[in-house]
Amino acid sequence: MLTCGAQPLPGLPRSLLAPAVERWQGFQHQHPWSRRLPAVLVDSLPAAWALSRYLADTCCRYPEILQDLAASGDLLVSARATGLARRLEMGTRGAGDEAELGRRLRRLRHREMVRIIWRDLVGWADLAETMRDLSWLAEAAIDAALAGLASWRHETGGTAAPRLAVLGMGKLGGWELNVSSDVDLVLIGTAGEPGGDGGAAEPAGLVRQLLRVLGSQTADGHVFRVDLRLRPFGDAGPLVMTPAQVEAYLEAYGRAWERLAWLRARPVAGDRQAGARLLAAITPFVYRRYLDFGALDSLRDLKERLAAARAASQPRDLKLGPGGIRQVEFLVQTLQLIHGGRHAALRTPSVLEALPALVRGGWLSAAEGHGLLAAYALLRDAEHRLQAVECQQTHTLPDDPEAQARLAASLGMAGWEACLARLAAARQLVAQSFAGLLRQDGKAAAAGPRQAALADLWGQPPAVAAAGPLLAELGFQEPDQVLAELAAFRQGPVLRSLNDAGRRRLERLGPPLLAAAGAEASPDQVLGRLLDILRAIGGRSTYLALLAENPGVLPRLAGICQASPWLATQIRRLPRLLDDLLEPDLGDLAEADRWQAAIEAGLAPLAGLDPEDCADSLRRLKQAQILRLALAVCEERIDNRTACQRLSSLAEAILAAVIDLAWTHLVARHGRPRLSSDPTGHDRGILVVAYGTFGAHELAFTSDLDLVFLHTAQGQEPTTGAQPLPGPQFFARLAQRVIHLLVTPTEAGILYPVDSRLRPSGNAGMLVSELASFWDYQATAAWTWEHQALVRARAVAGDQGLMAAFGPARAAILGQPRDAATLRQEVLRMRQRLLAAEQPHDPALFHPKMDPGGMVDIDFLAQYGVLVACHRHPELATATGTQAILAALAEAGVLAQNDARCLAESYGQLRGILHRQALAEEPALVPAAAFSDLRREVRRVWDAVLR
């Protein structure tokens, strides 16, 4: 475990203690009550006063502070435990004007600074607590100032103060303020936000008042110096901007240093929810899935400028000097920017939290991470002890022997030489790590003859005679066709659309791309698919940068193009999938329970945003998981049945999340529906039933979701909101919203196609049926084919109680006694209708699903077996997947064991063929001769059962 913080004081030189003891004695003489202070406070007082003249001066000037801290016991606990925010709010309540508000805040600030510095100096608080207490103090002071100004404004002018979201940046944003920090703020007007009021102009007056209350110097000092230069456009920008203006600025003008700055932003006061919504919206600006050359070069340039500035600064400066605090912060935040887009664990504004996360993720070795954290803690402790002397902003190591002795003692070191040596060692470690950050190897090996030949081949394809041997050596079968394809690519629109930087990236990509294609079993086809992907991403040079900056991605991409043309097409259509090729664990498969956790984690930062934006996050998660599953199938790491089950589980998790989004959106507008059976008052009254491949746990990569929506609304009773709707209409809109979120295509693709025609009365029926009516329809009016469909139906989303009740109700319908002859005729009639609806094809080809002897025949046999025998064998209603149903029919004696085994094996084989054809982007037609035996066996059972 990483730890931080200096050791408590071992003892103080007499030269420092004597003046403090003398001053304490004078204080006791002047204030007799001080002789009765708690022993723990009196014992620590000489050391605290010796190390900080500010503590001694403040206690002598405001003796009531010491008396209050002793009486309350607050000196012995952290800020959060003392009720800091409440104390500042109560202490400033009723202030009549700015001057009175400022005076009260300054007195309260002195009290808290005495408490925080005292605890830090005598070893009662570690570094993390000290920085957090200082940050909490700043937050509470800003909130109290805003509340006081709003109250005074209302009482004097009768108008409500405009709402502000206050974002803390820098050390305040990271909960890492020092003893004499400025507070870096960005102020957001909540115009256009939920609950917001006022535009950006009016809040500017409030901001100027806030700056005076907090930052102006009076006889009592200041509360906090405020720095607003990190706002958009800096000093030239408006004091207050709306969220939309901030987003537009960062999108159009945001630079690398601003990404570093906004990395540490967090809501600290005012309308924190509005602040959180803004930070969620700009997360893609701060944390990108990958960094292109331009971004990395900007960070390298920032590093060089930082190094040059440090070289020119005082070498004794702990903050700006070589190996100083700023270099640790830059190193950590740069690594967060580079890797945080793909690893949410790194997204913290705190250096103390980010360093261990970098170690856990492997971006820093344990030794380097421990060393940097220990060095940072020592430097920050030293900074605090320097500033605690006078509560003044300084970072420079002292020249005065007394000050040197004070600093060494405050850090728990025996003397100045030992202190200086420890600091020097820490700074050297920081400087070494900083120097290695973003280092570019300037000794790249000279390109060999083959590399040079590949570059020539890519840049200006030569004649076939000259290129033939090289292409043959790489494994290409048709050199003339390859050269023609390369020439067409170079003459196409991609190169014309690129700027100079994009062209250079493409030139760098050529040789490794040719080599990656040549390493595959079918290099000619793989090269064509790779070029198609380049054509698709050519207008977005950042994707070219991804491929060029990450050399391991091209071989992986070529392997995908070899294994699955369908996956290659998905990547071409959805270039975002290239991001996922950066993941080192791409081959790992998530379990179903981890999908739910991943969905919740992905949606958490988007809480309160439009459901459309949240659905895009779901689309990206689904595509990433589909990529992993398809690769696992292509590489035969999982079988087709397992793939179908995982695809079905993924669809369930995403469907549940979409229902949550749609429900939250509609309830916010219309209120909750009144339900016919809701003993808790918390049910939603919605049930979603999956049919077909989804209901059977047999979902394929390109399957639709066959869904039926049911509800338990209480008649036409209206919902409870300000814009009420009749219950059935609410649920109809809910289903429409769910389907819309599932089927709408965006740049992130589509979630799932949806087919809702299996609802009662099909397209002519209501989109959402009342639950009791649905079961009445199934019992009295449903056609045989609808009961066949019900065999493969299951509840997949909605209220847990409704889902649990669906199974028994379904079993009751399936268990109705049926006349075998009538049922047989109905099943045969439906099968004939399906065959008649199929498009004719070459009889030498076989459709594994639809043709006689295929999967539909096996499905119908299983469904017939359930419907004809379920009244005698209720256990047949348990399974919904065809292979599981066949096993149950054999167990019940309805179907011969050998026949059931034959059908199940045939079903699995045929389903595997459909998977392979889909992943290869081949038609679902295969040579009939290769499956004549399989089809003969299926038809043998068909004739025995249904003829």
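In this text, all values refer to a predicted model and were calculated from it rather than measured experimentally.

Undergrad: So, the overall build of the protein chain: which residues are in play, and what are the values?
TA: Tallying secondary structure elements over the protein chain gives 42 helices and twelve strands in all. For the protein chain, the proportion of its 947 residues judged to be buried stands at 54%. Within the protein chain, contacts between residues separated by at least 24 positions form 74% of all contacts whose residues are at least 6 apart in sequence. Roughly 39700 Å² of accessible area belongs to the protein chain as shown, and the carbon and sulfur atoms make up 52% of that amount.

Undergrad: Can you break down the pattern of salt bridges residue by residue, with the values?
TA: Any two side chains of opposite charge can pair if their charged atoms end up close together. Enumeration over the complete set of coordinates arrives at 47 salt bridges. When the shortest N-O distance is used, the salt bridge between Arg111 and Asp74 registers 2.7 Å. Of this pair, Arg111 sits in helix H6 (residues 98–121) while Asp74 is found in the loop between helix H4 (63–72) and helix H5 (84–92), placing the two residues 37 residues apart along the sequence. Taking the relative accessible area as the measure of exposure, Asp74 reaches 10% and is therefore buried.

Undergrad: Run through the pairing of strand S5 (residues 266–270), naming residues and quoting values.
TA: Where burial is concerned, most of S5 is hidden: four out of the five residues are buried. Taken together, the four bridges between strand S1 (residues 164–169) and S5 define a ladder with antiparallel strand orientation. Within the sheet, the bridge partner assigned to Gly168 lies in S5 and is Arg266.

Undergrad: Give a description of the packing of helix H11 (residues 256–263) against helix H15 (residues 325–340) that names residues and reports values.
TA: Their axes nearest at 10 Å, the elements H11 and H15 cross at an angle of 95°. When the axis of H11 is compared with that of H15, the two are roughly perpendicular. The segment H11 lies against H15, with Arg259, Leu260 and Leu263 engaging Phe330, Gln333, Thr334, Gln336 and Leu337. Counted by class, the contact of H11 with H15 contains four nonpolar, three polar and one charged residues.

Undergrad: Hey, could you go over the packing of aromatic side chains for me, with residue numbers and the actual values?
TA: Aromatic ring pairs: the centre-centre distance and the angle between the two ring planes describe each pair. The final tally for this structure, using the stated rule, is 15 aromatic pairs. Ring geometry for Phe730 against Phe731: centres 5.4 Å apart, planes inclined by 90°, an arrangement best described as edge-to-face. For the pair formed by Phe730 and Phe731, the shared burial category is buried. Taking 5.8 Å as the distance between ring centres and 40° as the angle between the ring planes, the aromatic pair formed by Phe846 and Phe931 counts as tilted. Residue Phe846 is found in strand S11 (residues 845–846), and its partner Phe931 is found in the loop between strand S12 (926–927) and helix H42 (932–946); the two are separated by 85 residues along the sequence.

Undergrad: Tell me about the nonpolar core, and please be specific about residues and values.
TA: Counting 99 residues, the largest nonpolar core has Leu534 and Leu655 as the members making the most contacts within it. Per element, the largest residue contribution to this core is 13 residues, and it comes from helix H32 (residues 640–670). Those residues in contact with Leu655, other than ones at most four positions away along the chain, are Val688, Phe694, Leu707, Val738, Leu742, Val796 and Ala797. Membership of the second largest hydrophobic core comes to 71 residues, among which are Leu37, Leu105, Val240 and Cys391.

Undergrad: Lay out the confidence of the model for the protein chain with the relevant residues and their values.
TA: Residue-level pLDDT values for the protein chain average 86, and 89% of them are 70 or greater. In the model, residues 192–201 has pLDDT below 50 throughout and makes 15 contacts with residues more than four positions away in sequence or in other chains. Here residues 441–447 is a poorly scored stretch, pLDDT under 50, and it has one contact once near neighbours within four places are set aside; other chains count.

Undergrad: Would you mind going over H4 in detail, with residue names and values included?
TA: All of the buried residues in H4 are Pro63, Ile65, Leu66, Leu69 and Ala70. Projected down its long axis, H4 carries its buried residues within an arc of 160°, all on one side. Taken together, the buried residues of H4 touch helix H1 (14–30), helix H2 (39–51), helix H3 (53–61) and H6. In the stretch just after H4, Gly73 is the one whose phi turns positive, near 80°.

Undergrad: An account of the environment of Arg427 is requested, with residue identities and associated values reported.
TA: In this fold, Arg427 is placed in helix H19 (residues 416–436). Along the primary structure Arg427 and Leu318 are separated by 109 residues, whereas in three dimensions their C-alpha atoms are 8.5 Å apart. Residues in contact with Arg427, not counting those within four places in the same chain, are Pro315, Arg316, Asp317, Leu318, Gly321, Pro322, Gly323, Leu379 and Leu397. Separated by 3.2 Å, the side chain of Arg427 and the backbone oxygen of Asp317 make a polar contact.

Undergrad: Residues and numbers for the pairing of strand S2 (residues 183–189), please.
TA: In summary, the side chains of a regular strand alternate between the two faces of the sheet. Counting buried positions along S2 gives seven out of seven residues, so the element sits mostly inside the fold. Pairing of S1 with S2, which is carried by six bridges, proceeds in the antiparallel orientation. Looking across to S2, one finds that Gly168 is bridged to Leu185. The pairing of S2 with strand S3 (residues 226–227) spans two bridges and is classified as parallel. Bridged to Asp184 within S3 is Asp227. By the bridge criterion, two bridges tie S2 to strand S4 (residues 240–241) in an arrangement that is parallel. Bridge pairing in S4 links Ile188 to Met241.

Undergrad: Quick rundown of the environment of Met803? Include the residues and the values.
TA: Tracing the sequence through the fold places Met803 in helix H37 (residues 800–814). A sequence separation of 114 residues divides Met803 from Val689, and the C-alpha atoms of the two residues are 8.7 Å apart. The contact partners of Met803, leaving out residues within four places of it in the chain, are Leu687, Ala795, Val796, Ala797 and Gly798.

Undergrad: Please give an account of unusual backbone geometry that cites residues and values.
TA: Although it is not a glycine, Cys391 adopts a positive phi angle of roughly 55°. Within the secondary structure layout, Cys391 lies in the loop between helix H17 (366–388) and helix H18 (401–410). The backbone phi angle of His697 is positive, close to 60°, even though this residue is not glycine. Mapping His697 onto the fold places it in the loop between helix H33 (692–695) and strand S7 (705–711).

Undergrad: So what's going on with the packing of H32 against helix H41 (residues 897–919)? Which residues, and what values?
TA: When two helices pack together, their arrangement is given by the angle between the helix axes and the distance between those axes. For the pair H32 and H41, interaxial distance at closest approach is 9 Å and the crossing angle is 70°. In terms of their interaxial angle, H32 and H41 are classed as roughly perpendicular. Residues Asn640, Arg641 and Cys644 of H32 pack against Arg911, Gly912, His915 and Arg916 of H41. Split into classes, the residues belonging to the contact of H32 with H41 amount to one nonpolar, three polar and three charged.

Undergrad: Please provide a residue-by-residue account of the side chain of Asp120, values included.
TA: Turning to its location among the elements, Asp120 is positioned in helix H6. Separated by 3.2 Å, the side chains of Asp120 and Thr130 make a polar contact. Ignoring sequence-local partners within four residues, the contact set of Asp120 consists of Ala125, Thr130, Asp381, His384 and Arg385.

Undergrad: Residue-level account of the side chain of Thr719, with values.
TA: Tracing the chain through its elements places Thr719 in the loop between S7 and helix H34 (727–743). A polar side-chain atom of Thr719 sits 2.5 Å from the main-chain carbonyl oxygen of His670. Apart from the residues lying within four places of it in its own chain, the contact partners of Thr719 are His670, Gly671, Arg672, Pro673, Arg674, Pro724, Leu725 and Phe730.

Undergrad: An account of a nonpolar patch on the surface is requested, with residue identities and associated values reported.
TA: A cluster of nonpolar side chains, contributed by Val40, Leu76 and Val77, occupies part of the molecular surface with about 220 Å² of accessible area. Mapped onto the elements of the fold, Val77 is located in the loop between H4 and H5. With a relative accessible area of 30%, Val77 lands in the partly exposed category.

Undergrad: Residue-level account of the environment of Ala568, with values.
TA: Within the secondary structure layout, Ala568 lies in helix H28 (residues 565–573). Assessed through its relative accessible area of 4%, Ala568 is described here as buried. C-alpha separation for the pair Ala568 and Ala920, spaced 352 residues apart in sequence, amounts to 9.6 Å. Contact partners of Ala568, with chain neighbours within four places excluded, come to Arg529, Ile533, Ile560 and Cys561.

What counts, and where the lines are drawn
- Per chain, the residues get numbers from 1 upward, laid out in the order the sequence is written.
- Given that the model is predicted, a residue must reach a pLDDT of at least 70 before its local features are reported, and side-chain atom pairs must reach 80 or more before they are shown or counted; all residues, however, enter totals for whole chains, interfaces and linings.
- The side-chain numbers reported here are obtained from all heavy atoms of the structure, hydrogens and water having been left aside.
- Elements are defined by DSSP. Helices are runs of H or I of four residues or more, strands are runs of E of two residues or more, and each kind is numbered from the N terminus.
- Throughout this description, buried means an accessible area under 20% of the type-specific maximum (1.4 Å probe, protein chains only), exposed means over 50%, and partly exposed covers the range between.
- Any two residues whose heavy atoms approach within 4.5 Å are treated as being in contact.
- Calculation of accessible area relied on Shrake-Rupley with a 1.4 Å probe; when residues are assessed, cover is drawn exclusively from the protein chains displayed.
- Take a side-chain nitrogen of Lys or Arg and a carboxyl oxygen of Asp or Glu: if they are within 4 Å of each other, that pair is a salt bridge.
- Strand pairing is assigned whenever DSSP identifies at least 2 bridges connecting the two strands.
- For every element, the axis is a line fit to its C-alpha atoms; helices are fit only across the contacting stretch, and the angle between N-to-C directions ranges from 0 to 180 degrees.
- For classification purposes, angles smaller than 35 degrees are called roughly parallel, those larger than 145 roughly antiparallel, those between 65 and 115 roughly perpendicular, and all remaining angles oblique.
- As a working rule, the residues Ala, Val, Leu, Ile, Met, Phe, Trp, Tyr, Cys and Pro are called nonpolar, Asp, Glu, Lys and Arg charged, and the rest polar, with Gly in that last group.
- Two rings belonging to Phe, Tyr or Trp (six-membered ring only in the last case) form a pair when the distance between their centres is within 6.5 Å. Interplanar angles under 30 degrees mark stacking, angles over 60 mark edge-to-face geometry, and anything in between is tilted.
- Take the buried residues of types Ala, Val, Leu, Ile, Met, Phe, Trp, Tyr and Cys, join any two whose side-chain atoms come within 4.5 Å, and each joined set is a nonpolar core.
- Confidence of the predictor at the level of single residues is given by pLDDT, which spans 0 to 100.
- The arc in question is the one traced by the directions running from the helix axis out to the C-beta atoms.
- By the criterion applied in these results, polar contacts are pairs of N or O atoms within 3.5 Å in which, for protein atoms, one can donate a hydrogen and the other can accept it, and in which residues neighboring in sequence qualify only through two side-chain atoms.
- The patches reported here contain residues having more than 30% relative accessible area and no salt bridge. Joining distances are 9 Å for like charges and 5 Å for nonpolar side chains (Val, Leu, Ile, Met, Phe, Trp, Tyr).

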